[in-house]
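What the coordinates show
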Protein chains: 2
Amino acid sequence: MLADLVYKTILKDLEKRIFDNEFPAKKLPDERTLTSQYGVSRSSIKRALNVLANEGIVFKKRGSGTFVNPLYLKNRSLFNYEGSNLGVTDSMRADGKKPGIKVLDFSVIPATKEMQTDLFLAAEDFVYQIRRLRLLDDQPVMIETGYIPIKIAPELSRTIVSGSIFNYLEDKKNQTVTKSFLSIEAQPSTEEDQKLLNLTPQEPVGVMSGIFFLDDGTPFELSNMRLHYQYMKYNALVELK
Amino acid sequence: MLADLVYKTILKDLEKRIFDNEFPAKKLPDERTLTSQYGVSRSSIKRALNVLANEGIVFKKRGSGTFVNPLYLKNRSLFNYEGSNLGVTDSMRADGKKPGIKVLDFSVIPATKEMQTDLFLAAEDFVYQIRRLRLLDDQPVMIETGYIPIKIAPELSRTIVSGSIFNYLEDKKNQTVTKSFLSIEAQPSTEEDQKLLNLTPQEPVGVMSGIFFLDDGTPFELSNMRLHYQYMKYNALVELK
DNA sequence: AAGTGGTCTAGACCACTTC
DNA sequence: AAGTGGTCTAGACCACTTC
């Protein structure tokens, strides 16, 4: 029960109090006051406040106090940031649209130099090459090319990759993909992009490429995703400096 | 002296030890061992390890231990992620190229509804409208349109916005821009994009738009940046779920 | 049962801001 | 000088993994 954690309880309560406009002056009580209000240690208060600060809901200023981000009250939807359209079945379903997958290629190839580096492989290792077209309500939205070492998931099959590979890992092998390094760019569409994603030559793709990791840190997949430009929107809260 | 902080010292030392391949089995000593090795509290060890985990340099697994990301050893450059080409003078200079600014428009307009919401303004408020072309080594790379409430920086001038506005704020007004909400997309180039950024109609722009905040949480600027697609590459470490 | 990371406490002392 | 957030300690107890 994650909700039972002290700092999470306080976190949610503070979120609610902020949203209920309990601090119209945009200033939260100081940490020592919160400590006695909630009857917990100052560390737990700090932890809750740190999460709020990381989410951009409050700003802390040493010596002055902790302040509510005025935007949070007016526009809470902004605060559901971070990677809207990742190429993950789950996040696609979240939009209320029905996700679909069409397998374009499923084969085994020797690992290239880049794969050897990024997936931590030896020169003689092989990888699955998996090309899939992702759909939302039968609309093609993304061409995904993934490379997965056969030694990590030797039993992969065309049938398995017709569904969510991440879900398969979690359900059948009790392994979780928890992190990824991604780089995000815009690129002109290639002829193949245009054909598969119904784009005109003037319409671009958004490209997200990178590495997915299992939760013990094993690099699991090298991935390249080319998205219909209207379906890529990446939101981030950026710390400057 | 930030470097004097206990957890930062340990952080840097661990980073060095990892890079020197002092843990060939990819497993760090457990936290209690590190505690006695460094002669500090376990909290400080945890703090250092948490930073390393957030940076993707190590992975922690409850019950098992803390593991080195193998990629860190092979490809450290990957780990300088997070927002390469933000439209900030400083980050541009970092590439070794000489940044330039050409002011396209500097005027005052009434705040639109969107600006009222995002910049927390009243209906009768005015904003500076600042359109600038950003250059790197005389190459145009970005069209930046910014809206700044006049009441936050009433003394802004065409001369000031010919340089870095953020640096001006920091030097002259002792205010810092520390955070921003950004959304990142790909879009076909408009005719204006093509003219100003030397693009063909097939070449797209990367669009980064959002809000910049001062360190007390005041929304400072609404910004829209249209980048030559070859100059936008956003790197992120993404936590899944 | 032993190992290992996660949560939480109570309190000391420091650093920056405001008055 | 008073207010307020930041760093750090020492230690208790919990939860998950491995053997």
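Owing to the predicted nature of the structure, the values given are computational and were not obtained by experimental measurement.

Moving on, we come to the overall build of chain A. Looking only at helices and strands, chain A features 8 helices and 9 strands. In summary, chain A has a C-alpha radius of gyration of 22 Å against a globular reference of 18 Å for 241 residues, an excess of more than 25%. When its C-alpha atoms are laid out on the principal axes, chain A stretches across 60 × 40 × 35 Å. Per-residue burial for chain A yields a buried fraction of 52% across its 241 residues. If you take every contact in chain A between residues at least 6 apart in sequence, the share linking residues at least 24 apart comes to 59%. Carbon together with sulfur atoms contributes 50% to the accessible area of chain A, which is approximately 11,500 Å² in total. Each charge class in chain A can be summarised by its mean position, and for the 32 positive and 31 negative side chains these summaries are 7 Å apart.

The next subject is the pairing of strand S4 (residues 126–136) of chain B. Successive residues of a regular strand alternate their side chains across the two faces of the sheet. Residues and elements named next belong to chain B. Burial runs high along S4: 10 of the 11 residues are buried. Two strands pair when backbone bridges link them, and strand S3 (residues 99–110) and S4 are joined in this way by 11 bridges, in the antiparallel orientation. Paired with Phe106 across the two strands is Ile130, which belongs to S4. Counting the residues in the hairpin turn of S4 and strand S5 (residues 139–149) gives 2 residues, including Asp137, whose phi is positive at 50°.

As a further point, take unusual backbone geometry. Residues and elements named next belong to chain B. Of note in the backbone geometry, Lys26 takes a positive phi value of approximately 65° without being a glycine. The residue Lys26 is located in the loop between helix H1 (6–19) and helix H2 (31–38) in this model. Its identity as a non-glycine residue notwithstanding, Asn198 has a phi of 55°, on the positive side. Considering the arrangement of structural elements, one finds Asn198 in the loop between helix H8 (191–197) and strand S7 (205–214). For Asn198, a relative accessible area of 54% puts it in the exposed group.

On to the protein's contact with DNA strand D, then. The environment of DNA strand D is made up of 24 residues, and the closest members are Arg32(A), Val6(B), Ser41(B), Ser44(B) and Arg47(B). Counted by atom, the contact set of DNA strand D within 4 Å of the protein is 65% sugar and phosphate. In the environment of DNA strand D, a sugar or linking oxygen lies 3.0 Å from a nitrogen or oxygen atom belonging to the side chain of Arg62(B). In this structure, Ser64(B) approaches DNA strand D through a side-chain N or O atom, which is 3.2 Å from a sugar or linking oxygen. Those elements that place two or more of their residues in the surface near DNA strand D are helix H2 (31–38), helix H3 (42–54), strand S1 (58–61) and strand S2 (65–68) of chain A together with H1 and helix H3 (42–54) of chain B. Among the elements that make up the surface near DNA strand D, the one with the highest residue count is H3(B) (3 residues). Residue classes in the surface near DNA strand D are distributed as 4 nonpolar, 9 polar and 11 charged.

Reading the values: rules and limits
Residues numbered from 1 in each chain as written. Chains lettered and ligands numbered in written order. Predicted model: local features only at pLDDT ≥ 70, side-chain atom pairs only at ≥ 80, totals over all residues. Heavy atoms only, no water. Helix = DSSP H or I, 4+ residues; strand = E, 2+ residues; numbered from the N terminus. Rg over C-alpha atoms; globule rule 2.2 N^0.38 Å. Buried < 20%, exposed > 50% of the residue type's maximum accessible area, 1.4 Å probe, protein only. Contact = heavy atoms within 4.5 Å. Areas by Shrake-Rupley, 256 points an atom, 1.4 Å probe, with all protein chains shown as cover. Lys, Arg positive; Asp, Glu negative; His and termini not counted. Charge placed at Lys NZ, Arg CZ, Asp CG, Glu CD. Pairing = 2+ DSSP bridges. Near = heavy atom within 4 Å. Polar contact = N/O pair within 3.5 Å; in protein donor to acceptor, adjacent residues only side chain to side chain. Nonpolar A, V, L, I, M, F, W, Y, C, P; charged D, E, K, R; others polar.

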